[in-house]
Amino acid sequence: MEAQSNAERHRQRQQKLKEQVDTRVAAATEQKGILIIFTGNGKGKSTAAFGTATRAIGHGKTVGVAQFIKGQWDNGEYNTLHPLGVEFHIMGTGFTWETQNRETDIQAATEVWQESKRMLADARYDLVVLDELTYMLAYHYLDTQEVIDAITNRPSQQSVIVTGRGCHARLLELADTVSELRPVKHAFDSGIQAQAGIDW
Ligand code: ATP
Ligand code: MG
C-alpha cells in the first residue's frame, strides 16, 4: 500500500516535471547561433569547448579554432581534431606568463586574431572556438571593441565559444550561455603533475 502510494507520488511528480520541461521546450522556438563563454578558475573550460567542437564535427559541421596562449606543447585536441578537418590557428609564443616580450606577444596575438576575424565573418563556419581569448583582452593585447564588433556582426547561424579566466564584463553581457567553472579541488594543489591526455 505504502509502496504503491510512493510510486504514485513519484509518477505524479515526474508527470508535472515533464509538463514544465515540455512548456519550456515549446517556448524556445528561436534558431540562431549562440555565444558561449566558459570562464572561472576551475578546470574544464577548454575541455568543454573542445567537447562541443567534437559534437559539432560529429554532426558534419565546420569548425575553426583559434588558441591564444597555447603553442609550444603538442596538444591532444589538435591531434584529434585537425585530422578531422578542423582548422587551427595557434599562437606560437607559449604561455603568456612565460614570455617577457610584450611586443612579440602582441604581434602573435594579432596574427591569430586576424584569422579569427576572418572565420567570424564567414558563414561557412558553424562554430568558431576562441580558446583563452579572455587573457588577450585582460592584457590589452587585442582591442576589446574590435573583438565585440566581430562577434556581434558574425553570421546569424554561427556559434562562438570563448574560454579563459576573468572574462570581460562586456563579453559576458553579449553571451547567450555562460558557465563559470569553480575549483572545488585541483590535483595540482596536492602535488600531482599535469599530464598528457588530461591537462593538454
Ligand atoms: P582544461 O584545458 O583542462 O579544460 P581550463 O581550460 O579550464 O583547463 P586553463 O586556465 O586554460 O584551464 O588552464 C590550463 C592548464 O591549467 C590545464 O592544464 C589545466 O589542467 C590547468 N588548470 C586548470 N585549472 C586549474 C587550477 N584551478 N589549478 C591548477 N591548474 C589548473
Ligand atoms: Mg583553457
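Residues numbered from 1 in each chain as written. Chains lettered and ligands numbered in written order. Predicted model: local features only at pLDDT ≥ 70, side-chain atom pairs only at ≥ 80, totals over all residues. Heavy atoms only, no water.

### Quick notes on the domain arrangement of the protein
Accessible area lost on assembly of the parts is the figure often given for the size of an interface. The condition that has to hold: Start and end points for every domain follow an automatic or database-based domain assignment.
Segmentation of the protein into domains returns domain 1 (1–30) and domain 2 (31–183). Computed from C-alpha atoms alone, the centre-to-centre distance between domain 1 and domain 2 is 39 Å.

### Remarks on the environment of Arg 154
Quick reminder of the rule: Here a strand is any run of E in DSSP of at least two residues, a helix any run of H or I of at least four, and the numbering for each starts at the N terminus. Between buried and exposed lies partly exposed: a residue is buried under 20% and exposed over 50% of the maximum accessible area for its type, with that area taken using a 1.4 Å probe on protein chains only. By definition in these notes, contact holds between two residues if any of their heavy atoms fall within 4.5 Å. Pairs of N or O atoms within 3.5 Å make up the polar contacts considered here, provided that, within protein, one atom can donate a hydrogen while the other can accept it, and that residues adjacent in sequence are counted only when both atoms are side-chain atoms.
Considering the arrangement of structural elements, one finds Arg 154 in the loop between helix H6 (144–152) and strand S5 (159–163). Looking at Arg 154, the relative accessible area reads 14%, which means it is buried. Taking the C-alpha atoms as reference points, Arg 154 and Gly 33, separated by 121 residues in sequence, lie 9.3 Å from one another. Not counting residues up to four positions away in its chain, the partners in contact with Arg 154 are Gly 33, Ile 34, Leu 35, Leu 120, Ser 159 and Val 160. At 3.4 Å, the side chain of Arg 154 and the backbone oxygen of Gly 33 are in polar contact.

### Some thoughts on helix H4 (residues 102–120)
Put simply, the test is: A helix is expected to reach a length of 1.5 Å times the quantity of its residues less one. Relevant arc is that of directions from the helix axis to the C-beta atoms, nothing else.
Across its 19 residues, H4 extends 26 Å between first and last C-alpha, which sits within 8% of the 27 Å expected from 1.5 Å per residue. Of the residues making up H4, those classed as buried are Asp 105, Ala 108, Ala 109, Val 112, Trp 113, Ser 116, Met 119 and Leu 120. Here the buried residues of H4 occupy an arc of 135 degrees about the axis, which is enough to place them on one side. H4 presents Glu 103 and Gln 107 as exposed residues on the side facing more than 90 degrees away from its buried surface.

### Points about the sheet that holds strand S2 (residues 63–67)
Put simply, the rule is: By definition, two strands form a pair when at least two bridges between them are found by DSSP. Only C-alpha atoms enter the line fits that serve as axes; for helices the fit covers just the stretch in contact. Angles between N-to-C directions range over 0 to 180 degrees.
Taken in spatial order, the six strands of this open sheet run S3-S2-S4-S5-S1-S6, and their pairing is parallel. What marks the edges here is a single partner per strand, and that holds for strand S3 (87–90) and strand S6 (177–180). Direction aside, neighbouring strands of the sheet carry axes that sit 10 degrees apart on average. Along the sheet, H4 contacts S2, S3, strand S4 (127–131) and S5; its crossing angle with S3, the most-contacted strand, is approximately 150 degrees.

### As for the pairing of S2
The buried fraction of S2 is high, at five of five residues. Neither face of S2 is left uncovered, since the one carrying Val 63, Val 65 and Gln 67 and the one carrying Gly 64 and Ala 66 both have all their residues buried. In this structure, S2 lies alongside S4, joined through five bridges in parallel fashion. Within S4, the position partnered with Gly 64 by the bridge is Val 128.

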